[in-house]
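Here is what each chain is made of, one letter per residue.
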Amino acid sequence: MLASQELARELEIASGEGERLAEADSHITPLSLSQSLLYSTGGIAGGLVFTMMNNALPLFLLSYSMPTNLPAFLNPGGAVPATIVALLTNERSLFGGLIQPLVGNLSDRTHTRIGKRGPYMLAGGLGTGACIALLALQPPFWLMVAAVTLAGVALFVALGPYSSLLADITPYTQRGRTGGLIAVAGVVGAMIFVLLSVGLWATARGWVFLITALLVIVALAVAAFSVREPENHLSEDDGRWTMDDSGSIVHRPSSIVQPVWRGLLAERSLTVYVAAMGVYWLGAGAAAPFITRFGVKELGVSEEKSFLLLLVVVVATSVGAVFWGWLGDRVGRKRALQPALLLFAVAALAGSQVRDIGQAIPVMVMVGLGNAAPTALHLSLLADLVPKRRAGAFMGYANMIWSVAQPLGALVSGVLVDVTQSYRGVFVLAAVCMVFAALILKWVGSGENRVRE
């Protein structure tokens, strides 16, 4: 009884704070369905590249040997170690992450005919496409490493401003659904890549990379040219709206030149949220690069059939993303994220114990459903928490932190695989991270508890 009363109180608080946020966003005209769909096409590019990086490149690297002039611990002349595979096959490139704050700051101050985010989306899309197309030629080892690294950098030149655009063009009440559409678009991109790989990987994998490169460029170009960014409604001396201890909305002066790190740390809920999702990305980075290799090495299926395991995850994610996006708008993004992360943890633990593809399929369904919530909601909740005037810079710093966390998780899991000669431990590591992420998320304010600048 007490638990249900506490839940009711939290939902009431979340609803009241949501109403305040909705009122603060009243100047933003809600997107029509067609505009939302056009904006979400950028998610297709993300889905294509994320799936290629995390699930196809680990198999692609089986065709390479390490250069012979390397130190002994790097296995010169032999197969690429799992540690190197983990670092290369991560769409959240460490180098790409480090430039996120710079790109975010620049996009906040850019003014062009296609808006302040559009030029970066176009440039990043073209760069990503060019690097992926180079992989179709099966380039020499070091050129391949450069292409993969630069693809990750270029991708986040595009996707950093793309995610910041969510805060610019959608009101609070529409963000969960729009985030859900982006997630569904990402799933469409992932499905396209999986189906291309199932049909062409064994006989013409170069075409998989070429078609992917073209689709990435087209998807980001559609999003850049079709979404009209609103005029900047804030003046230079605008302050920040926040809540005082009594729960009232008050005006607090703010400087546009305030250092981003200081501003980020000053926002308690935002800081805790970035930390929670950092732990999530640590776990996701641990597991994502090894799903297809797990199928090949632990379950004994062919490379082509290993993509079918991934297809199950993708389909479950698409179904779950719609539900979690809707639920996030109803009960609050945080309240939807926590149980989903725990579901992901249970699924990852179960995945570490499966012995054949028949056992793996229902577990992959659970993984997809659990992963659907952060896929659909993590950017929406971030957009709720960042100060409006500096959305690009703040979201850039958040993406930088997450972009460091994901390769770090991959590095740890790669070392674990090399030491144990098994891929099962990476799923246990992922499960532990999901539990901790859900626990940390509890300290984000009840509901989206601030009104942004």
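Quick note: structure is the one above.
Heads up: these notes are all about the structure in this document. Keep in mind it's a predicted model, so treat the numbers as computed, not measured.

1. Here we look at the overall build of the protein chain
For step 1, the next point in the chain: A count of helical and extended segments in the protein chain gives 16 helices and two strands.
For step 2, the next point in the chain: Relative to its 453 residues, the protein chain shows a buried fraction of 59%.
For step 3, the next point in the chain: Contacts in the protein chain between residues far apart in sequence, at least 24 positions, make up 83% of those at least 6 positions apart.
For step 4, the next point in the chain: For the protein chain, the computed accessible surface area is about 17900 Å², with 68% contributed by carbon and sulfur atoms.

2. Focus: the pattern of salt bridges
For step 1, the next point in the chain: Scanning the entire structure with this criterion turns up three salt bridges.
For step 2, the next point in the chain: A salt bridge links Arg424 to Glu298, with the nearest nitrogen and oxygen atoms 3.6 Å apart. Taken together, the residues span a long stretch of sequence, with Arg424 in the loop between helix H15 (391-420) and helix H16 (425-441) and Glu298 in the loop between helix H11 (291-297) and helix H12 (303-331) at a distance of 126 residues.
For step 3, the next point in the chain: Classification of Arg424 by relative accessible area gives buried; the value is 12%.
For step 4, the next point in the chain: Among the ionic contacts, a cluster of salt bridges with common partners joins Asp108, Arg117 and Asp168.

3. Brief notes about helix H7 (residues 141-169)
For step 1, the next point in the chain: In this model H7 runs 42 Å from its N-terminal to its C-terminal C-alpha over 29 residues, within 8% of the 42 Å that 1.5 Å per residue would give.
For step 2, the next point in the chain: Burial analysis of H7 places 24 of its 29 residues in the buried class, which makes it a mostly covered element.

4. Describing the packing of aromatic side chains
For step 1, the next point in the chain: As enumerated under the stated definition, the model contains 13 aromatic pairs in all.
For step 2, the next point in the chain: Aromatic side chains Phe60 and Phe209 sit 5.1 Å apart centroid to centroid with 65° between the ring planes, which places their arrangement in the edge-to-face category. Of the two residues, Phe60 sits in helix H2 (residues 33-60) while Phe209 sits in helix H8 (residues 172-226), which places them 149 residues apart along the sequence. The burial state of Phe60 is the same as that of Phe209; both residues are buried.
For step 3, the next point in the chain: Between Phe323 and Trp324 the ring centres are 5.1 Å apart and the planes differ by 65°, which places this aromatic pair in the edge-to-face class.
For step 4, the next point in the chain: Three or more aromatic residues link up through ring pairs in this structure, and these residues are Phe60, Tyr64, Phe141, Trp142, Trp201, Phe209 and Phe307.

5. Quick notes on the nonpolar core
Side chains of nonpolar character tend, in soluble globular proteins, to be buried together.
For step 1, the next point in the chain: Core analysis: the biggest nonpolar cluster contains 124 residues, and Leu135, Met144, Phe209, Tyr273, Tyr280 and Leu382 have the highest contact counts within it.
For step 2, the next point in the chain: The element that contributes the greatest number of residues to this core is H8, accounting for 16 residues.
For step 3, the next point in the chain: With residues near it in sequence (within four places) discarded, Leu382 still touches Leu270, Tyr273, Met395, Ala398 and Trp402.

6. Regarding the packing of helix H5 (residues 100-108) against H7
For step 1, the next point in the chain: H7 packs onto H5 with a crossing angle of 50° between their chain directions and a minimal axis gap of 9 Å. One finds that H5 runs oblique with respect to H7. Once H5 is placed against H7, the crossing between them reads as right-handed. Only Phe156, Val157, Gly160 and Pro161 of H7 make contact with H5, whose side of the interface consists of Gln100, Val103 and Ser107.
For step 2, the next point in the chain: Residues belonging to the contact of H5 with H7 are distributed by class as follows: four nonpolar, three polar and no charged.

7. Quick look at unusual backbone geometry
For step 1, the next point in the chain: The phi angle at Gln138 is positive, at roughly 50°, despite the residue not being glycine.
For step 2, the next point in the chain: With respect to the helices, strands and loops of the structure, Gln138 is situated in the loop between helix H6 (118-135) and H7.
For step 3, the next point in the chain: With phi around 60°, Gln421 is a residue other than glycine that occupies positive phi space.
For step 4, the next point in the chain: In this structure Gln421 comes out as exposed when scored by relative accessible area, which is 65%.

8. Quick look at the side chain of His378
For step 1, the next point in the chain: Turning to its location among the elements, His378 is positioned in helix H14 (residues 357-385).
For step 2, the next point in the chain: A polar contact of 2.7 Å, which involves the side chain of His378, links it to the backbone oxygen of Pro374.

Criteria and cut-off values
- Residues numbered from 1 in each chain as written.
- Predicted model: local features only at pLDDT ≥ 70, side-chain atom pairs only at ≥ 80, totals over all residues.
- Heavy atoms only, no water.
- Helix = DSSP H or I, 4+ residues; strand = E, 2+ residues; numbered from the N terminus.
- Buried < 20%, exposed > 50% of the residue type's maximum accessible area, 1.4 Å probe, protein only.
- Contact = heavy atoms within 4.5 Å.
- Areas by Shrake-Rupley, 256 points an atom, 1.4 Å probe, with all protein chains shown as cover.
- Salt bridge = Lys/Arg side-chain N within 4 Å of Asp/Glu carboxyl O.
- Expected span 1.5 Å × (residues − 1).
- Phe/Tyr/Trp six-rings, centres within 6.5 Å; stacked < 30°, edge-to-face > 60°.
- Core = buried A, V, L, I, M, F, W, Y, C linked by side-chain atoms within 4.5 Å.
- Axes fitted to C-alpha atoms, helices over the stretch in contact; angles between N-to-C directions.
- Parallel < 35°, antiparallel > 145°, perpendicular 65-115°, else oblique.
- Left-handed = near helix turned anticlockwise from the far one by under 90°.
- Nonpolar A, V, L, I, M, F, W, Y, C, P; charged D, E, K, R; others polar.
- Polar contact = N/O pair within 3.5 Å; in protein donor to acceptor, adjacent residues only side chain to side chain.

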